[in-house]
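Examination of the molecular architecture
Chain residues, written in single-letter form:
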Amino acid sequence: MTEQSSAIHASDRYFMMLAIEEAKRGLYTARPNPAVGCVLVKDGQIVGKGFHPKAGKGHAEVYALAEAGDAAMGATAYVTLEPCSHTGRTPPCAKALIAAQVARVVIAGLDPNPQVSGRGVAMLEAAGIQVTVGVMTAQAEALNTGFLKVMRTQMPYVRLKIATSLDGRTAMADGSSKWITSDAARQDVQHLRARSGAIVTGSQTVIADNPALNVRSLQLGVDMSSIPQPKVVILDRRHRLALADDSAYQLCRKEDTVFWRTDDLTTLLQDLVHTHHCHDVLVEAGAQVAGSFLAQGLVDELIVYQAPCLLGDAARPMVDYHPLSLTEQLRFDCSSHERIGNDIKMVFKPL
């Protein structure tokens, strides 16, 4: 590899990083579509950039090409996901890049959507455009874990969020839990909700806490009205709750709240994908629901906010899970940890 080719590779990574930053602007607003960014570069200068803001609106490439105008001819397009090759609610982006006569397209990763996968690249190459695939793939895919998992497996990406004390307790014996963690940690949870298509909770949590489970933070960096509110699902196999305009529980007054009355969590997740187009699911519930999701191997990411307090051995545990031996233990890899206010946020992936 020559020094020149190394420099080009470094340049590709740099401009793809900028495209990923563009994509982040649609992280909370584009769902159920993926968050995608595009940067157009000519003679080492950015001539256009864009992101996909919302389903039904133009894709990232369209906004970048519009900003670039005639300067797009002969430019290199850096795109965080393979340009689409089919007509959906918007025209194919691969054709737009061809029409603009870009010289090269650098793509972070292929789109596993069967309607797109590989077809966008083939269309570009057939038009004589040089295509490079695989630049900063992991960083780009981290923005769309739910979309990518659904396209590959027909199952959503499930995040389980737990707020706990130092001794692994989530509520007092009487169920009271407001508030174990700090306001800073609760604000951080708003980011999780904002990128979730659905939030799953249990009937006991609704009865004990009467939560809203909505996105309401003004610190997300985008217009609140542009963020789709997550679909809320209440697990209620004992039929303790129901929709009613005069209900004491605010979630039961929302006509779009879903009540799930069985223990079949796999079918629930499949229904959220196929009926409600939810690709990212956040579980905010008590120990029993948390334990069920973990025991059934349905959790992709465990997020623990640990507060510097002790609640004692009579308080309620993190999860209701009862392995009979060490061979049945659930083990995780700690992918990140950080301080949030006076709490510690830890993110774990199942091994």
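For the structure, check the block above.
The structure contained in this document is the topic of the report that follows. (Residues numbered from 1 in each chain as written. Predicted model: local features only at pLDDT ≥ 70, side-chain atom pairs only at ≥ 80, totals over all residues. Heavy atoms only, no water.)

**A look at the overall build of the protein chain**
Condition: Numbering of helices and strands runs from the N terminus; a helix is a DSSP stretch of H or I covering at least four residues, while a strand is a stretch of E covering at least two. Within these notes, the globule rule equals 2.2 Å times the number of residues to the 0.38 power, and the radius of gyration is based on C-alpha atoms. Residue exposure (1.4 Å probe, protein chains only): buried if accessible area is under 20% of the type maximum, exposed if over 50%, otherwise partly exposed. Any two residues whose heavy atoms approach within 4.5 Å are treated as being in contact. Reported accessibility uses the Shrake-Rupley method at a 1.4 Å probe radius. Residues are deemed covered only where the shown protein chains occlude them.
A tally of regular secondary structure across the protein chain gives 10 helices and 15 strands. Relative to the compact-globule value of 20 Å for 351 residues, the protein chain shows a C-alpha radius of gyration of 23 Å, a close match. The dimensions of the protein chain, computed from C-alpha atoms along their principal axes, are 70 × 45 × 40 Å. The burial tally for the protein chain puts 48% of its 351 residues in the buried class. A separation of at least 24 residues holds for 73% of the contacts in the protein chain among residues at least 6 apart in sequence. If you sum the accessible surface of the protein chain, you get close to 16800 Å²; carbon and sulfur atoms cover 52% of it.

**Remarks on the side chain of K161**
The condition that has to hold: In protein, a polar contact means a hydrogen-donor-capable atom and an acceptor-capable atom, both N or O and within 3.5 Å, with residues adjacent in sequence counting only if both atoms are side-chain atoms; elsewhere, any N or O pair within 3.5 Å suffices.
Inspection of the secondary structure assignment puts K161 in strand 6 (residues 157-164). Looking at K161, the relative accessible area reads 15%, which means it is buried. A polar side-chain atom of K161 sits 3.4 Å from a polar atom in the side chain of E284. Those residues in contact with K161 that lie beyond four places of it in its chain are V189, L192, L282, V283, E284, I303 and Y305.

**Considerations on the packing of aromatic side chains**
Two descriptors summarise a pair of aromatic rings, namely the distance from one centre to the other and the angle between the planes of the rings. We apply this condition: Only Phe, Tyr and Trp rings take part, Trp by its six-membered ring, and two of them pair if their centres are within 6.5 Å. Stacked means planes under 30 degrees apart, edge-to-face means over 60, and tilted covers everything else.
This model, assessed by the stated rule, comprises 3 aromatic pairs. Relative to Y78, the ring of F15 lies with its centre 5.5 Å away and its plane at 35°, an arrangement referred to as tilted. With F15 in helix 1 (residues 3-24) and Y78 in strand 3 (residues 76-79), this residue pair connects regions lying 63 residues apart in the sequence. With respect to class, F15 is no different from Y78; both count as buried. Judged by centre distance (6.4 Å) and plane angle (65°), the rings of F332 and F348 are edge-to-face. Of this pair, F332 sits in strand 14 (residues 332-340) while F348 sits in strand 15 (residues 343-350), and the two are 16 residues apart along the sequence. For F332, a relative accessible area of 26% puts it in the partly exposed group.

**Describing the sheet that holds strand 4 (residues 104-107)**
Rules: Only strands that DSSP links by at least two bridges are regarded as paired with each other. Every axis in this analysis is a line fitted to C-alpha atoms, fitted for helices over the stretch in contact. Angles between the N-to-C directions lie between 0 and 180 degrees.
Reading across the sheet, the 5 strands line up as 2-1-3-4-5 and stay open at both edges, with mixed pairing between neighbours. Each edge of the open sheet is held by one strand with a lone partner, namely strand 2 (45-51) and strand 5 (130-133). Neighbour-to-neighbour, the strand axes of the sheet open up by a mean angle of 15°, direction not taken into account. By the bridge criterion, 4 bridges tie strand 1 (residues 37-42) to strand 3 in an arrangement that is antiparallel. Directly across from V39, in strand 3, lies its bridge partner Y78.

**What to know about helix 4 (residues 119-126)**
The condition is simple: Picture the helix axis, draw a direction to every C-beta atom, and the arc is the one those directions span.
For helix 4, the complete set of buried residues consists of G120, V121 and L124. Down the axis of helix 4, the buried side of the element spans an arc of 100°, and every buried residue falls inside it. Residues of helix 4 that are buried make contact with helix 3 (93-99), strand 4 and strand 5. Residue G128 follows helix 4 closely and has a positive phi angle near 85°.

**A look at a negative patch on the surface**
The line we're drawing: Each patch groups residues whose relative accessible area exceeds 30% and which form no salt bridge, using 9 Å between like charges and 5 Å between nonpolar side chains of Val, Leu, Ile, Met, Phe, Trp and Tyr. The working definition used for a salt bridge is a side-chain nitrogen of Lys or Arg within 4 Å of a carboxyl oxygen of Asp or Glu. Asp and Glu are treated as the negative residues and Lys and Arg as the positive ones, with His and the ends of the chain left uncounted. Where a charge sits is defined by one atom per residue type, namely NZ (Lys), CZ (Arg), CG (Asp) or CD (Glu).
Negative charge collects at one region of the surface, where D245, D246, E255 and D256 lie side by side. Position of D256 relative to the elements: it lies in the loop between strand 9 (231-235) and strand 10 (258-260).

**Looking at the pairing of strand 8 (residues 198-202)**
Put simply, the rule reads: Assignment of crossover handedness uses the view with strands pointing away from the viewer, where a clockwise path from the first strand over the helix to the second indicates a right-handed crossover.
For strand 8, the tally of buried residues reaches 5 of 5 residues, placing the bulk of the element in the interior. Alternating positions in strand 8 separate into two faces, A198, V200 and G202 on one and I199 and T201 on the other, with burial throughout. Of the pairings in the sheet, the one linking strand 8 to strand 9 comprises 5 bridges and is parallel in character. By the bridge assignment for strand 9, A198 is matched with K231. A crossover connection joins strand 8 to the parallel strand 9 through helix 8 (residues 203-209); in handedness this β-α-β unit is right-handed. Pairing of strand 8 with strand 11 (residues 280-283) involves 3 bridges; the strand directions are parallel. Counterpart to A198 in the pairing with strand 11 is V281.

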